[in-house]
Each structure stands twice: as structure tokens, then as C-alpha cells.
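Survey of secondary and tertiary structure
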Amino acid sequence: MKELKNDIKIINNFLPQSFADSLESALSTKPIWLYTPHTSNPQETKIDMSDKNIHETTQFVHPIFMDGTIESEMYESMKTFLFFVEDKFNINLKTLFRIKANLLLPNGLKNPDLYHIPHIDDGDLSSYSILYYVNDSDGDTVFFDKTVEYGPYNLKPIHRETPKKNTVILFPSKRFHSSSNPITSDKRIVINTVVQIK
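Attention here is on the structure that accompanies the text. (Residues numbered from 1 in each chain as written. Predicted model: local features only at pLDDT ≥ 70, side-chain atom pairs only at ≥ 80, totals over all residues. Heavy atoms only, no water.)

1. Observations concerning the nonpolar core
One finds Phe14, Phe81, Val85, Phe89, Ile130, Tyr132 and Ile191 to be the most contacted residues of the largest nonpolar core, which totals 31 residues. Where this core is concerned, the elements lending two or more residues are helix H1 (17-29), strand S4 (59-66), helix H2 (75-89), strand S6 (93-104), strand S7 (127-133), strand S10 (167-172) and strand S12 (188-197). The leading source of residues in this core is H2, at six residues. Beyond its immediate sequence surroundings of up to four residues, isoleucine 130 is in contact with Phe81, Leu82, Val85, Val168, Ile169, Leu170, Ile191, Asn192, Thr193 and Val195. The next biggest cluster of nonpolar side chains, apart from the first, holds eight residues, and it includes Ile8, Ile169, Phe171 and Val190. (Core = buried A, V, L, I, M, F, W, Y, C linked by side-chain atoms within 4.5 Å. Buried < 20%, exposed > 50% of the residue type's maximum accessible area, 1.4 Å probe, protein only. Helix = DSSP H or I, 4+ residues; strand = E, 2+ residues; numbered from the N terminus. Contact = heavy atoms within 4.5 Å.)

2. Observations concerning the side chain of serine 40
Relative to the helices and strands, serine 40 resides in the loop between strand S3 (34-36) and S4. Taking the relative accessible area as the measure of exposure, serine 40 reaches 11% and is therefore buried. Residues in contact with serine 40, not counting those within four places in the same chain, are Thr45, Glu56, Ile117 and His119.

3. What about the packing of aromatic side chains?
What the rule picks out here adds up to eight aromatic pairs. Judged by centre distance (5.5 Å) and plane angle (20°), the rings of phenylalanine 65 and tyrosine 75 are stacked. You can see phenylalanine 65 sitting in strand S4 and its partner tyrosine 75 sitting in helix H2, a full 10 residues away along the chain. Tyrosine 75 carries the same exposure label as phenylalanine 65, and that label is buried. With a centroid separation of 4.9 Å and an interplanar angle of 80°, the aromatic rings of phenylalanine 143 and phenylalanine 171 are classed as edge-to-face. Taken together, the residues phenylalanine 143 in strand S8 (residues 141-147) and phenylalanine 171 in strand S10 connect sequence positions 28 residues apart. Phenylalanine 171 matches phenylalanine 143 in its accessibility class, with the two residues each being buried. An aromatic cluster of three or more residues is present, and its members are Phe14, Phe81, Phe89 and Tyr132. When the ring centre of phenylalanine 14 is taken as reference, the NZ or CZ atom of lysine 88 above it lies at 5.3 Å. (Phe/Tyr/Trp six-rings, centres within 6.5 Å; stacked < 30°, edge-to-face > 60°. Lys NZ or Arg CZ within 6 Å of the ring centre and 35° of its normal.)

4. Structural notes on unusual backbone geometry
Despite not being glycine, asparagine 154 has its phi angle at roughly 55°, a positive value. As for its placement among the helices and strands, asparagine 154 is situated in the loop between S8 and strand S9 (157-161). The backbone of asparagine 166 sits at a positive phi, close to 70°, despite the residue not being glycine. Structurally, the position occupied by asparagine 166 is in the loop between S9 and S10. Judged by relative accessible area, which is 3%, asparagine 166 ranks as buried.

5. Some details on the pattern of salt bridges
Enumeration according to the criterion identifies seven salt bridges in this entry. The shortest N-O distance in the salt bridge between glutamate 24 and lysine 165 comes to 2.5 Å. Taken together, the residues span a long stretch of sequence, with glutamate 24 in helix H1 and lysine 165 in the loop between S9 and S10 at a distance of 141 residues. Look at glutamate 24 and you get partly exposed, because its relative accessible area is 22%. Each of Asp21, Glu24 and Lys165 takes part in a single network of salt bridges with overlapping partners. (Salt bridge = Lys/Arg side-chain N within 4 Å of Asp/Glu carboxyl O.)

And the structure:
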């Protein structure tokens, strides 16, 4: 496990290969993807308009577990996934808030420095986000130096992670972070889970 500053933890080769392959196959062939006009809701997210690297785009979402409701047949697989999370990160999950898969496609822009609106997943101190890369692609996840208490202004990137299949990142949900579109890959699929830890 690679542990960065600011409580960002990364594990490569997280799942057995057959499990990782099954998740990629399921999300590449089976699900119904819902179109969303933004990667995060601009009405709920303050934006630093002076940050010229922000370039918001559309994305597609496959809800798996939202607001206490099972939305997808993939839920059973994700329950097993969460057992691995507890074991490998040595944590105990208290509450499951959401699980969703996000699909980003190339948008025609060739600037790898661009990213979507920096946002948080949840402001509670005991909430953590679990990001799982379903496939190999470009389109980095960008983590910033500030958390929700300090607001989204004058953010500085502290880490960029290029999606690598079967890699998991665990980080406090209150940390500002952002996705970005792939440029050379045909798709970028991640699973985003938000939980409360005991």
C-alpha cells in the first residue's frame, strides 16, 4: 500500500484478477448508463472561476446503491468488494452512503492539465471515499491541498493518479478532488463509493 500525505492511500492489484476482470466486463457490456450534463452538480459546488484548468464536461453514471436503495444487479459484487476494502485497509465500515460507476469519454480536447470542477463527496469527518479504477486509461484523478473547511479557492494539486485497472484509492470524502476526460483511451470507468467508518 502506498500512503501519501493527507490520508490518501493507494493499493494496486487490489482484487483477485478474475474478480477485477468480471467487474470490467460487467461495466463494459451490461449496464444502462444515464447521461448527466455535469460531473458534479454546479448548483451545489462552489467554483473558483480564476482556475483556468477547470473544464466541465458531461459524463455517464450507472447507479448501484443510492440513498439506501439498491439500483443495480452489481450490488452483490460490490458487497464482496467492500469486504476486501475492510480487510486490506484494516477498517470497519459503519454506513454505506452510495456506490456508482462513472463513465467518461474523450471530449476532443488534448490538454492533459484540464480537470473537472473540484468537489468533495461528503463533508462529514468520518466519511471516506473509495475510488476503484475499472479499466486502464488516461484521464487522471487530481487531488488538491484543501478540504471542505477551507473552501474551493486557490486550490493546488498535490497528487495526480492515472487510472490503472484494479487500483483502489481511499481518501477522506471532505478532500477536494477532480476527474478528467481521457485523451488517448476510448473510455474511463471508475466506481465511486462513499462510506462512513467506525
